[in-house]
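The residues making up each chain are set out below.
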Amino acid sequence: MSDLRELYQQVILDHSKRPRNFGKLECGSQAKGHNPLCGDRLTVYVETRDGKVRDVRFEGDGCAISVASASLMTEAVRDQSVDAAHALFERFHSAVTSSHDSEIDLDDLGKLAVLTGVRQFPMRVKCASLAWHTLEAALRGETEQVTTE
Ligand code: ZN
């Protein structure tokens, strides 16, 4: 189990240092997210066509968890249907907000499983969820910033 945790840490570190799909998209919709508790700020860009996520990128600045989560999210939802992206968010969100002794279907979450360790740290759950909430706003076409301020 500690080997697994170490592997998870490495993946998070890698994605936070070299985030995938980092940048802007000229077309499609975008939304901004802000987590004032930690200071994470993200802009998520998404282009959908025929009910599918054709492209998704993000920009921003934040802690390692928020950046790694955004990076992993873009990989997870690209080329998925919008419905599948929503469903994945639901499963991810319920995993990271579940109690720490309940079982998580790690295989089902794929690479996103590396973030499930945050469920022991409520502050970090917001960092890990920010990109997803921002993606949801972008998919709904909301251009106002997602924030609790
Ligand atoms: Zn954070």
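Above this text is the structure in question.
Here the structure is a predicted model, which means the values were calculated and not measured.

K.L.:
Any chance you could break down the overall build of the protein chain for me, citing the residues and the numbers?
P.N.:
Counting its secondary structure elements, the protein chain contains five helices and three strands. Rg of the C-alpha trace for the protein chain: 14 Å, near the compact-globule value of 15 Å for 149 residues, within the 12% margin. The principal-axis extents of the C-alpha atoms in the protein chain amount to approximately 45 × 30 × 25 Å. Residue pairs in contact within the protein chain that sit at least 24 positions apart in sequence constitute 61% of those at least 6 positions apart. Total accessible area on the protein chain stands at roughly 8,000 Å², and carbon and sulfur atoms take up 48% of it. Put simply, the protein chain has 18 plus and 23 minus side-chain charges, and the middle of one group is 4 Å from the middle of the other.

K.L.:
Explain the coordination of the zinc ion residue by residue, including any values.
P.N.:
The zinc ion binds to the protein through Cys-38 (SG), Asp-40 (OD), Asp-40 (OD), Cys-63 (SG) and Cys-127 (SG), with metal-donor distances spanning 2.2 to 2.6 Å. Here the donor residues for the zinc ion map to a single chain with the spacing C-x1-D-x22-C-x63-C. Residue Cys-38 is found in the loop between β1 (29–35) and β2 (40–49), and its partner Cys-127 is found in helix α5 (residues 122–139); the two are separated by 89 residues along the sequence. In this structure Cys-38 comes out as partly exposed when scored by relative accessible area, which is 31%. On the basis of relative accessibility, which here comes to 0%, the residue Cys-127 falls in the buried class.

K.L.:
How would you summarise the sheet that holds β1 if you had to cite specific residues and measurements?
P.N.:
Reading across from one edge, β1-β2-β3 is the order of the three strands in this open sheet, with antiparallel pairing throughout. Every other strand in the sheet has two partners, leaving β1 and β3 (52–61) as the edge strands with one partner each. Looking at each pair of strands side by side, their axes are set apart by 20° on average, direction ignored. Pairing geometry for β2 and β3, over nine bridges, is antiparallel. Looking at the pairing, Val-46 lines up with Val-56 of β3. Seen against the sheet, helix α2 (residues 64–77) touches β2 and β3 and runs at an angle of roughly 170° to β3. In the packing of α5 onto the sheet, contacts are made with β1, β2 and β3, and the angle to β2 comes to roughly 40°.

K.L.:
Quick rundown of the pairing of β1? Include the residues and the values.
P.N.:
Where β1 meets β2, seven bridges bridge the pair, whose relative direction is antiparallel. Looking at β2, one finds that Gln-30 is bridged to Tyr-45. Taking the residues that link successive antiparallel strands as the turn, the β1-β2 hairpin has four residues, and the phi of Gly-39 there is positive, at about 95°.

K.L.:
Can you lay out the packing of aromatic side chains for me, pointing to particular residues and giving the numbers?
P.N.:
All told, the structure shown has three aromatic pairs when counted by the stated rule. With a centroid separation of 5.1 Å and 85° between ring planes, the pair formed by Phe-22 and Phe-58 is classed as edge-to-face. Placement of the pair is Phe-22 in the loop between α1 (2–17) and β1 and Phe-58 in strand β3, with a sequence separation of 36 residues. Aromatic pair Phe-89 and Trp-132: ring centres 5.9 Å apart, planes at 15°, arrangement stacked.

K.L.:
Explain the nonpolar core to me, using residue names and the numbers behind them.
P.N.:
Ranked by internal contacts, the top residues of the largest apolar core, which has 41 residues, are Ile-65, Val-77, Phe-92, Trp-132 and Leu-135. At the level of secondary structure, the elements contributing two or more residues to this core comprise α1, β2, β3, α2, α3 (82–96) and α5. The leading source of residues in this core is α5, at nine residues. Setting aside its immediate chain neighbours within four residues, Leu-135 contacts Val-44, Val-46, Val-56, Met-73 and Val-77.

Conventions adopted
- Residues numbered from 1 in each chain as written.
- Predicted model: local features only at pLDDT ≥ 70, side-chain atom pairs only at ≥ 80, totals over all residues.
- Heavy atoms only, no water.
- Helix = DSSP H or I, 4+ residues; strand = E, 2+ residues; numbered from the N terminus.
- Rg over C-alpha atoms; globule rule 2.2 N^0.38 Å.
- Contact = heavy atoms within 4.5 Å.
- Areas by Shrake-Rupley, 256 points an atom, 1.4 Å probe, with all protein chains shown as cover.
- Lys, Arg positive; Asp, Glu negative; His and termini not counted.
- Charge placed at Lys NZ, Arg CZ, Asp CG, Glu CD.
- Donors = N, O, S within 2.8 Å, 3.2 Å for Na, K, Ca; no water.
- Buried < 20%, exposed > 50% of the residue type's maximum accessible area, 1.4 Å probe, protein only.
- Pairing = 2+ DSSP bridges.
- Axes fitted to C-alpha atoms, helices over the stretch in contact; angles between N-to-C directions.
- Phe/Tyr/Trp six-rings, centres within 6.5 Å; stacked < 30°, edge-to-face > 60°.
- Core = buried A, V, L, I, M, F, W, Y, C linked by side-chain atoms within 4.5 Å.

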